[in-house]
Amino acid sequence: MNILLLKQISILSLIVGAVLGVISLIPYIAILSFLLCVFAAGSAILIYMKHLELVGELDIKLWTIYGSISGFVTFLGFCITFVPLATLIGIIIKTSYYLGVSIIFKMSLPILILIVIFVGLIAALMNGFGAMTTSYLIELYKSQNTDNQQ
């Protein structure tokens, strides 16, 4: 594995996670942003890096590994920004949508950390599968494109 590529994926994933965490403060967009973070962030980041030619030719195994790492780090970035901001909103506005997050944050921090880690592992699994599917679709598109040119 390429350590420089892992650092680039991690930094980009943290940025995407932080942006999705801030966007999730809007109540009606929160569910969509959370689902995007859990299911599609790894594939989107790898496609973006492939578009910028930061990633070379990768096989399905590496796409899956990098997608899983990206999904986990994206979810951690999401939680690092969303949980404190939602807690502040829950403390300031007692009838807010985020009152539950502030109660969990104030009462039992270790349980909140465990929840974040376990959901992060689920996000890694889902993003790994999505990246594997994306890699397969890219290879299928390339093979169809070369067949049509001949």
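Residues numbered from 1 in each chain as written. Predicted model: local features only at pLDDT ≥ 70, side-chain atom pairs only at ≥ 80, totals over all residues. Heavy atoms only, no water.

Caption draft 1: Structural view of the side chain of Ser13. Relative to the assigned elements, Ser13 resides in helix H1 (residues 3-23). When its relative accessible area of 0% is taken as the criterion, Ser13 is described as buried. Within the structure, Ser13 has its side chain in polar contact with the side chain of Ser70 (distance 2.9 Å). (Helix = DSSP H or I, 4+ residues; strand = E, 2+ residues; numbered from the N terminus. Buried < 20%, exposed > 50% of the residue type's maximum accessible area, 1.4 Å probe, protein only. Polar contact = N/O pair within 3.5 Å; in protein donor to acceptor, adjacent residues only side chain to side chain.)

Caption draft 2: Quick look at H1. Compared with an ideal rise of 1.5 Å per residue, which puts 21 residues at 30 Å, H1 spans 30 Å between its outermost C-alpha atoms and is within 8% of the ideal. Listed as buried for H1 are Leu5, Leu6, Ile9, Ser13, Gly17, Leu20 and Gly21. Buried residues along H1 cover an arc of 125 degrees about the axis, so they all sit on one side. In H1, the exposed residues that point more than 90 degrees away from the buried face are Leu4, Lys7 and Ile11. In this fold, the buried residues of H1 make contact with helix H2 (27-39), helix H3 (41-51) and helix H4 (60-92). You can read the cap of H1 off the contacts: a side-chain oxygen lies 3.3 Å from the backbone nitrogen of Leu4, and it is on Asn2. (Expected span 1.5 Å × (residues − 1). Arc of directions from axis to C-beta. Contact = heavy atoms within 4.5 Å.)

Caption draft 3: Quick peek at the layout of surface pockets. Of the voids in this model, the largest pocket is the one considered here, and its volume is about 410 Å³. Mapped by element, the contributors of at least two residues to the lining of the largest pocket are H2, H4, helix H5 (99-107) and helix H6 (109-149). Top contributing element to the lining of the largest pocket by residue count: H4, with five residues. For the lining of the largest pocket, the class distribution of residues is 17 nonpolar, one polar and no charged. Taken as a whole, the second largest pocket spans an internal volume of roughly 180 Å³. The wall of the second largest pocket is formed by Leu76, Cys79, Ile80, Val83, Pro84, Phe105, Leu112, Ile113, Val116 and Ile117. Elements supplying a minimum of two residues to the lining of the second largest pocket: H4 and H6. Take the lining of the second largest pocket: its biggest share by element is five residues, from H4. Of the residues in the lining of the second largest pocket, the class split is 10 nonpolar, no polar and no charged. (1 Å grid on protein atoms, 1.4 Å probe; cavity = no way out; pocket = protein on both sides within 12 Å on 5 of 7 lines; lining within 4 Å. Points joined across faces, edges and corners; volume = space filled by probe spheres on them. Nonpolar A, V, L, I, M, F, W, Y, C, P; charged D, E, K, R; others polar.)

Caption draft 4: Here's a closer look at empty space enclosed by the protein. Going through the model one piece at a time under the given rule, you end up with one cavity of 30 Å³ or more. Around the largest cavity sit Lys50, Glu57, Leu58, Trp63, Ser135, Ile138, Glu139 and Lys142, which together line it. With four residues, H6 is the largest single contributor of residues to the lining of the largest cavity. The residue makeup of the lining of the largest cavity, split by class, is three nonpolar, one polar and four charged.

Caption draft 5: Quick look at a nonpolar patch on the surface. Side chains of Ile11, Ile15, Val19, Ile23, Ile26, Tyr28, Ile29 and Leu32 sit close together on the surface and give an oily, nonpolar patch of about 840 Å² of accessible area. Of all elements in the fold, only H1 and H2 reach the threshold of two or more residues within the nonpolar patch. A total of four residues in the nonpolar patch trace back to one element, the largest contributor, which is H1. For Ile11, a relative accessible area of 53% corresponds to the exposed category. (Patch = residues over 30% accessible without salt bridge, like charges linked within 9 Å, V, L, I, M, F, W, Y side chains within 5 Å. Areas by Shrake-Rupley, 256 points an atom, 1.4 Å probe, with all protein chains shown as cover. Salt bridge = Lys/Arg side-chain N within 4 Å of Asp/Glu carboxyl O.)

Caption draft 6: Representation of the nonpolar core in the model. Core analysis: the biggest nonpolar cluster contains 14 residues, and Phe75, Phe78, Cys79 and Phe82 have the highest contact counts within it. Contributions of two or more residues to this core are made by H2, H4 and H6. Considering each element in turn, this core owes the most residues, six residues, to H4. Those residues in contact with Phe78 that lie beyond four places of it in its chain are Gly17, Ala18, Leu20, Gly21, Ser24, Ser33, Phe34 and Cys37. Counting residues in hydrophobic clusters, the runner-up holds 11 residues, among them Ile9, Trp63, Tyr66 and Ala131. (Core = buried A, V, L, I, M, F, W, Y, C linked by side-chain atoms within 4.5 Å.)

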